[in-house]
Amino acid sequence: MVDSAEKDMDNPTFRSDTVLSDVHLHCPSKRHLMVRLNAVGQPVFLSYFKLLWSTEDLASGKHVREVTTGREHQCRSGDELCDKDRSNIEKEGELNSEGVEALLDDDGDLEVVRRPRSASDLQAEDLLRDIVCPVILMKGKEDAFEDEEQECTCSDVVKIEHTMATPLEDVGKQVWRAAFLLADYILFKRDTFRCCSVLELGGGTGITSIIMGTVAKRVYCTDVGEDLLTMCEQNVALNKHLMEPGGGEIKVKELDWLKDEFCTDPEAPYSWSEEEIADLLDHCSVIMAADVFYDDDLTDALFRTLYRITHNLRNSCTVYLALEKRLNFTLRHMDVTCEAYSHFRNTLNDLENLQDGKMKYTVEPIKLDFCQSLVYERIEQL
């Protein structure tokens with residue numbers, strides 16, 4: 001009889017179903033504070049995401065400050081560092097006229113001159129980001145974070161509860177860069193969204209809806225899963241003070257893309273009332289979604305939901321989609337590909353080319369040259 005454990009060892013299977021957002025690796029908050037375990041036993045952290053404006057600035061109409069990011073700044077810093085590097089090499093070793101003399105240590109071994117790490121450190125300093133250091137809140141140690149909380153004034157931070165490493169089906173509990181990008185655009189074009197009625201699909205932790213709530217009249221932040229929606233509702237409550245100056249309102253609701261109807265069961269948490277559905281269909285003029293295109297089946301389901309809702313709206317609507325183009329090497333292609341993005345583009349093209357005599361969709365890309373209002377790393381893949 002062959003032992004099953006030995007049999008398994010002969011046929012190993014490697015699996016990795018844990019996903020971690022880059023936002024948590026370089027986060028603008030100094031520390032991540034673990035505050036509790038959620039209903040499924042995952043650690044929930046509280047983070048402070050820095051805003052480059054305050055509610056007073058928003059109310060007075062002042063412009064947000066611009067953060068310099070992108071290749072131009074990186075290349076300029078890199079050139080300066082290369083010059084500095086070159087001068088250091090000349091000081092540490094004597095180069096001949098051809099610059100080919102090797103640097104040797106005391107034992108005669110080749111000494112490799114490495115590029116200094118100050119390049120990444122300089123960029124991190126510019127973006128006010130620190131490497132993530134999760135800190136667990138211990139009983140009786142609450143005042144250990146008092147100083148940090150005092151540093152963050154109520155009007156210049158967004159406080160978000162989130163998880164970190166999760167299975168793929170729970171990635172909505174994390175914070176993703178495309179949500180910051182969409183939030184930046186909302187703040188840049190806040191007059192466009194002022195007093196609007198807005199629907200967010202796949203709201204996750206709610207950070208984009210919270211920013212939208214600072215300018216819009218009403219935001220329906222939707223997702224699926226009671227545990228996620230409870231976290232989202234908690235985040236809305238944590239940032240209610242940001243929305244008070246503009247009188248914005250956020251309603252957290254369930255919206256399952258795999259179902260054809262709104263959930264109206266009064267016994268179900270986060271269900272819709274008939275009045276709320278009517279309000280959405282009568283007044284919604286903006287729909288938004290951030291970083292929800294990572295699974296082909298869900299992408300198809302989202303576009304079906306998008307068509308169904310826009311088909312029933314009383315007025316025309318503008319849809320804003322933000323995502324990060326993630327490149328992966330696949331054995332199937334033996335090349336670097338981005339299959340999720342390609343499927344998204346194909347589905348978007350199908351929607352634009354749709355000819356059913358009822359709806360007409362026009363797709364326009366948005367240039368990412370608008371100023372940055374939140375502290376995060378705006379990469380070129382966004």
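Provided above is the structure to which this section pertains.
Residues numbered from 1 in each chain as written. Predicted model: local features only at pLDDT ≥ 70, side-chain atom pairs only at ≥ 80, totals over all residues. Heavy atoms only, no water.

J.: Mind showing me how you'd approach the overall build of the protein chain here?
T.: Summing up its helical and strand segments, the protein chain has 14 helices and 15 strands in all. Sorting the 382 residues of the protein chain into buried and exposed places 43% on the buried side. Across the protein chain, contacts joining residues at least 24 apart in sequence account for 73% of those joining residues at least 6 apart. Accessible surface, the protein chain: about 22200 Å² in total, of which carbon and sulfur atoms supply 49%. (Helix = DSSP H or I, 4+ residues; strand = E, 2+ residues; numbered from the N terminus. Buried < 20%, exposed > 50% of the residue type's maximum accessible area, 1.4 Å probe, protein only. Contact = heavy atoms within 4.5 Å. Areas by Shrake-Rupley, 256 points an atom, 1.4 Å probe, with all protein chains shown as cover.)

J.: What should I look at first to understand the side chain of Arg-308 in this one?
T.: With respect to the secondary-structure elements, Arg-308 resides in helix 13 (residues 296–312). The buried charged residue Arg-308 lacks any salt bridge partner; its closest oppositely charged side chain belongs to Asp-260, at an N-O distance of 5.0 Å. Excluding its chain neighbours within four sequence positions, the residues that come into contact with Arg-308 are Leu-255, Lys-259, Asp-260, Glu-261 and Phe-262. (Lys, Arg positive; Asp, Glu negative; His and termini not counted. Salt bridge = Lys/Arg side-chain N within 4 Å of Asp/Glu carboxyl O.)

J.: Would you mind showing me how to read the packing of aromatic side chains here?
T.: Ring pairs (aromatic) are described by centroid distance and by the angle formed between their planes. Going through the model one piece at a time under the given rule, you end up with 14 aromatic pairs. Summarising the aromatic geometry, the rings of Tyr-307 and Tyr-361 are spaced 6.5 Å apart at their centres and angled 45° between planes, so their arrangement reads as tilted. Linking Tyr-307 in helix 13 with Tyr-361 in the segment after helix 14 (339–352), this pair joins segments that are 54 residues apart in sequence. Judged by its relative accessible area of 25%, Tyr-307 is partly exposed. (Phe/Tyr/Trp six-rings, centres within 6.5 Å; stacked < 30°, edge-to-face > 60°.)

J.: Please explain the sheet that holds strand 11 (residues 249–254) as it appears in this structure.
T.: Strands in a sheet are paired, the pairing made by backbone hydrogen bonds, and the direction either parallel or antiparallel. On the basis of which strands lie adjacent, the open sheet formed by 5 strands has the order 11-10-9-12-13 and parallel pairing. Of all the strands in the sheet, just strand 11 and strand 13 (318–322) have a single pairing partner and so form its edges. Looking at each pair of strands side by side, their axes are set apart by 20° on average, direction ignored. Sheet topology places strand 12 (residues 284–290) next to strand 13; 5 bridges connect them, and they run parallel. Counterpart to Ala-289 in the pairing with strand 13 is Leu-321. This element, helix 10 (residues 226–238), spans strand 10 (218–223) and strand 11 of the sheet and lies at about 175° to strand 11. (Pairing = 2+ DSSP bridges. Axes fitted to C-alpha atoms, helices over the stretch in contact; angles between N-to-C directions.)

J.: Got a minute to help me understand unusual backbone geometry in this structure?
T.: Peptide bonds are trans in most cases, and residues, glycine excluded, mostly fall at negative phi. The backbone of Cys-195 shows a phi angle near 70°, a positive value even though the residue is not glycine. With respect to the helices and strands, Cys-195 occurs in the loop between helix 8 (190–193) and strand 9 (197–200). Cys-195 gets classed as exposed once you look at its relative accessible area, which sits at 59%.

J.: Is there a simple way to explain the nonpolar core in this structure?
T.: Generally speaking, nonpolar side chains in soluble globular proteins are found buried as a group. Of all hydrophobic cores here, the largest spans 45 residues; its most connected members are Val-158, Phe-180, Ile-186, Phe-193, Val-198, Ile-207 and Met-212. Considering each element in turn, this core owes the most residues, 9 residues, to helix 7 (residues 177–188). Sequence-distant contacts of Phe-193, that is, excluding residues within four places in its chain, are made with Tyr-185, Ile-186, Met-212, Val-215, Ala-216, Val-286 and Tyr-320. Core analysis: the second largest hydrophobic core is formed by 26 residues, Trp-257, Trp-272, Leu-348 and Tyr-361 among them. (Core = buried A, V, L, I, M, F, W, Y, C linked by side-chain atoms within 4.5 Å.)

J.: Explanation requested: the pattern of salt bridges in the structure shown.
T.: Pairing is possible between side chains that carry opposite charge, provided their charged atoms lie close to one another. Per the stated rule, a full pass over the model turns up 16 salt bridges. Close ionic contact of Arg-177 with Asp-22 constitutes a salt bridge, the shortest N to O distance being 2.7 Å. One end of the pair, Arg-177, is in helix 7; the other, Asp-22, is in helix 2 (residues 22–25), with 155 residues separating them in the sequence. Accessibility expressed as a relative area gives 7% for Arg-177, which makes it buried. Taking relative accessible area as the criterion, Asp-22 reaches 36% and is therefore assigned partly exposed. In this structure, Glu-377 and Arg-177 form a salt bridge, with 3.4 Å as the shortest nitrogen-oxygen distance.

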